[in-house]
Amino acid sequence: MKPFDIVVVGGGGAGLYAAMEAMKTNPSLKVAVLSKVYPNRSHTSAAQGGANAALGNTAKDDTVEMHIFDTIKGSDYLADQDAAEVLCSEAPKIIRELDNIGTPWSRLDDKTIAQRPFGGAGRPRCCYCADKTGHTILQTLYEQCLRKGVKFFNEYLVLSLSVDGSRSKGLIAMNMKNGKIEAFPARAVIFATGGYAKMYWNRSSNAAGNSGDGQAVAYRAGIPLKDMEFVQFHPTGLRKSGLLVTEGARGEGGYLVNNKGERFMNRYAPEKMELGPRDLVSRSIETEILEGRGFDSPAGPYMHLDLTHLGSELIKSRLPQIREMSMYFEGVDPIEEPIPIRPTAHYSMGGIDTDIFGRTPMDGVYAAGEAACVSVHGANRLGGNSLLEILVFGRIAGHTAAEEAGRHEAREISRQEIEEKEQELRGLMKPSGHYERYGELREELGDTLAQNVGIFREASKISKGIEDIAALKERFRHVRVFDSSDVFNTNLIQVLELQNMLDLAETVAAGAYVREESRGSHTRTDFPVRDDEKWHKHTTYTYENGKPVLGEKPVTMGRYELQERTY
Amino acid sequence: MADQKEEMRDITFRVLRFNPQVDSKPYYDDYTIPVEKGITVLRALNYIKEHVDPTVSFRAFCQAGICGSCGMRINGISKLACTTQVWDELEKCKTPNVIKVEPLRNMPQIKDLIVDMDPMVDKMKKYSNWIESTMPESKMGEKEFLIAEEEFQEYDKATDCILCASCMSECSILRANKEYVAPAILLKSYRMNADSRDGIHEKRMEALVQDHGVWDCTHCYRCQETCVKNIPIMDAIHGVREEALEMRGAKDTSGARHAEAFMDDIQKKGKLVEATLPVRTNGLGWTLTNLLPMAFKMVLKRRTPPPPPLVKPSKGIKKFREEFQEMSEHVKQDQKDRKH
């Protein structure tokens, strides 16, 4: 079977689309997908709301140009305009393609794909399947990959990129079922491992495994990361668990209400109200809480998301999952009473530095989806643009890799490299000098990030965060893996995930510290305004001697000039 | 409006452990931990892993009931640990305050609560659980299919399936025969065959009517009862069967002939003529070679069904036949309507 021409790491929307497109581009290629979960478990499944595309089905006067503008404005002008243009102009095609291969989109009366309003969008252009859009897209893509005979390596954890000079030779990964370390020599590697927002742990809506494995592996191999300080807080996480209530709930007409019974969004976004962009709505909720207009509970302060006026019919047909989750995790039926919510770390705008063809600066390595930073989202992503991004850029990365794979020679990965990895992992299981419990470190990492590098940031707090992360990294050197089994060692896996989160957390905090301005999701209370003169640029991070070295990259402009961002 | 102080209680989780590297057979470990009301079984397991025993192994990912990773048997019933409240389970404990946690059944156990999901994926492939679009690949992306809300409704519920395999764990046929297609796969097959974009209805059905296929289901309804997404899986299985009869007639496989023999008996007598059922389903040769030993045992245990002449029509059979006739007409009309 091995070596493969292309190995895709990650079996979510971006990874599966990349694999599918690579096989379509060149059917003679050997393509493998390596995923630490069965692909249908990937976090794409949790995306509820939908994917934006200017199909013009619901609003006839919608255009691709309007979608581009909304995306750039939403990004607080940090998106690369050529990338946003690719994203939005490919959107209608990709939504139709998904329809053509079986995605069950919800429909309008005229039998065309239905669309609903979403935050920060000038027209209702979010295509959806009830509130299970990501789930149905993921199923469709997985089904199609099975149909096409993509070779899957399920429950494999990527450990490192094997590099020879400036070129990748392939990957080293662990087969979780038997603990074996295996080499995957490949002409091309595509990272599609999803986001890194789970580093906020208890204050995150992400799946437990969204530890940014691909980003960390690429970063440690010398590939730069970009814009890591931009982490989006979703306005409506459930109070107790941080789990997400889709923006669709507000798209369908839900209200945000404070303890005075006011729809307080009229103070912050009088026109768009609840459908303002996410960064703005999250800040508004936090401000209301800080100023004493929130509700209190043992699980912390919260706000009300009120759907009761929408009626049971609509809630049951359009937001069934939300209702289910509110009842399971909060004991609240949204038909009867408001849902208790608070902002939760949700999405990572930053990621592996890639161009609009999915290439990273390293030859033979590509990235797509939330793992990548093209950048289409800049400082703040619009709702409905993330599913879109994984589809559009998953496909592009698959296509580019397939076209370019032939140019690269297949190389071998030496037995020695594998043995070194084996030794490193065995070292973690030694009792002597290893006593720290990973669960504690992980929780402390999340807490310090949420407190010091969360929604509202300032120099002194971020410094504290940086110190905390450094101390946690030091303690991690003494972390103990108690399970010595080779078979499905989830203890070892979670420790390795924590290592990835720690390395990436360092870049998030470092970026937050240097960026002395407020832009999109990054809000510095000590630098409350956007500073285009000094900071209209991307930040980059290169791994040197275990630390991030910061650099910068210009933003690609186009026809849209910098403007103040108001809603 | 502060919440009431949450209730706390010590609860024991009795977890089925098995590590193939050291254990010759599975055994139970008890973990007693303080649990707050409102906590899910998954959060309790996470607590055990982080604070008590890091070697306890289970899968978990989204923790929000959508990825399907944490399917396991809790107090004997297959469900998702992440959407199961500990407090709800307390009422179902055989020993007070002891919650039993075991891996899903009918799939090979890998370690502790982790089972091998590959058999499910293999079956998805075997039964073409995908849309093979009627649109050529070169035309894709140019235009949408037009799909009526009614069609979407036909498979909307079926697309809720998250492949958690709870239904497979509870399925009584799969327990006896690992080759059996399994409820989740039938549900997905139904969903594909209800989709007008798909061009391989016949091919998929051809596989479904073979041995270990759709006719093997015995209507025990366990799949539907346990479905974590409340999907009417049995309706889907009936849907596949009806479609099989419609597309392929009642003669082509033993399953179809069995169904037809049932219908015949019910129409004529209002009850089954069990003695001849195997012959009518599988033919005389098959029956003699396969069922003779069982027939002897039945004679010994005096469990033989009455011979056909002794099966008299049920009371009120005349009225029943009229209603049966009327029902048949309705079914035929429905099928006609669906075709147009």
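Residues numbered from 1 in each chain as written. Chains lettered and ligands numbered in written order. Predicted model: local features only at pLDDT ≥ 70, side-chain atom pairs only at ≥ 80, totals over all residues.

**What about the UniProt feature "domain: FAD-dependent oxidoreductase 2 FAD-binding" (unreviewed entry) in chain A?**
Logical step 1: Listed under "domain: FAD-dependent oxidoreductase 2 FAD-binding" (unreviewed entry) in the UniProt record, and renumbered for this structure, are residues 5-387 of chain A.
Logical step 2: Its end C-alpha atoms 27 Å apart, residues 5-387 of chain A is made of 28% helix and 22% strand. (UniProt positions renumbered as here; feature names shortened; annotations may be inferred. Helix = DSSP H or I, 4+ residues; strand = E, 2+ residues; numbered from the N terminus.)

**Brief notes about the UniProt feature "active site" (unreviewed entry) in chain A**
Residue and element names in this part refer to chain A.
Logical step 1: Mapped onto the present numbering, the UniProt feature "active site" (unreviewed entry) falls at Arg278.
Logical step 2: Inspection of the secondary structure puts Arg278 in helix α7 (residues 278-290).
Logical step 3: Looking at Arg278, the number of C-beta atoms within 10 Å reads 25, which means it is buried.
Logical step 4: Not counting residues within four places of it along the chain, the set of residues in contact with Arg278 comprises Gly119, Gln232, His234, Pro235, Asn380 and Gly383. (Buried ≥ 20, exposed ≤ 12 C-beta atoms within 10 Å, placed from the backbone. Contact = placed C-beta atoms within 7 Å.)

**So, the interface of chain B and chain A**
Logical step 1: Each partner contributes to the interface: chain B provides 55 residues, whereas chain A provides 50 residues.
Logical step 2: Contributing elements (two or more residues each) for the side of chain B that touches chain A: α1 (41-52), β6 (109-111), α3 (118-126) and α4 (149-156) of chain B.
Logical step 3: Of the residues forming the side of chain B that touches chain A, the biggest block, 4 residues, is contributed by α4 of chain B.
Logical step 4: Its residues assigned to classes, the side of chain B that touches chain A shows 26 nonpolar, 15 polar and 14 charged. (Nonpolar A, V, L, I, M, F, W, Y, C, P; charged D, E, K, R; others polar.)

**A closer look at the domain arrangement of chain A**
Residue and element names in this part refer to chain A.
Logical step 1: Segmenting chain A into domains produces domain 1 (235-342) and domain 2 (415-531).
Logical step 2: Distance between the C-alpha centres of domain 1 and domain 2: 30 Å.
Logical step 3: With 4 residues of domain 1 in contact, the opposing surface of domain 2 contributes 5 residues.
Logical step 4: Along the lines of polarity and charge, the residues of the side of domain 1 that touches domain 2 split into no nonpolar, 1 polar and 3 charged. (Domains from an automatic or database assignment.)

**Details of helix α4 (residues 133-148) of chain A**
All names here are of chain A.
Logical step 1: Its 16 residues place the ends of α4 23 Å apart at the C-alpha level, agreeing with the 22 Å of an ideal helix rising 1.5 Å per residue.
Logical step 2: With 13 of 16 residues buried, α4 lies mostly within the body of the structure.
Logical step 3: One or two residues past the end of α4 sits Gly149, with phi positive at roughly 75°. (Expected span 1.5 Å × (residues − 1).)

**Structural notes on the nonpolar core**
Residue and element names in this part refer to chain A.
Logical step 1: Counting residues in each nonpolar core, the largest one holds 251 residues, and the members touching the most others are Ile6, Val7, Ala19, Leu34, Val189, Ile190 and Ala368.
Logical step 2: With 14 residues, helix α14 (residues 490-514) is the largest single contributor of residues to this core.
Logical step 3: Non-local contacts of Val189, meaning those with residues more than four positions away in its chain, are made with Val7, Val9, Leu161, Ser168, Gly170, Leu171, Gly364, Val365 and Tyr366. (Core = buried A, V, L, I, M, F, W, Y, C linked by C-beta atoms within 7 Å.)

**Some details on the packing of helix α1 (residues 13-25) of chain A against α4 of chain A**
Packed helices, taken two at a time, are described by the angle their axes make and the gap between the axes.
All names here are of chain A.
Logical step 1: Two elements in contact, α1 and α4, have axes separated by 9 Å at closest approach and are oriented at 35°. Two packed elements cross with a definite hand, and for α1 against α4 that hand is left-handed. Along its contact with α1, which presents Gly13, Leu16, Tyr17, Ala19, Met20 and Met23, the element α4 presents Ile137, Leu138, Leu141, Tyr142, Gln144, Cys145 and Lys148.
Logical step 2: Each residue belonging to the contact of α1 with α4 can be placed in one class, and the counts come to 10 nonpolar, 2 polar and 1 charged. (Axes fitted to C-alpha atoms, helices over the stretch in contact; angles between N-to-C directions. Left-handed = near helix turned anticlockwise from the far one by under 90°.)

**Concerning the sheet that holds strand β3 (residues 71-74) of chain B**
All names here are of chain B.
Logical step 1: Pairing in this open sheet of 5 strands is mixed, and the strands run β2-β1-β5-β3-β4 from one edge to the other. Each end of this open sheet is capped by a strand with a single partner; those strands are β2 (27-36) and β4 (77-80). Strand-to-strand twist across the sheet, computed as the mean angle between neighbouring axes with direction ignored, equals 35°.
Logical step 2: Set on the sheet, α1 makes contact with β1 (8-17), β2 and β3; between it and β2 the angle comes to about 105°. (Pairing = 2+ DSSP bridges.)

**Quick word on the pairing of strand β7 (residues 156-164) of chain A**
Residue and element names in this part refer to chain A.
Logical step 1: Judged from the 8 bridges that link them, β7 and strand β8 (residues 167-175) form a sheet pairing that is antiparallel. What sits directly across from Tyr156, in β8, is Asn175.
Logical step 2: Hairpin geometry of β7 and β8 is characterised by an intervening segment of 2 residues between the two adjacent antiparallel strands and by a positive phi of about 65° at Gly165.

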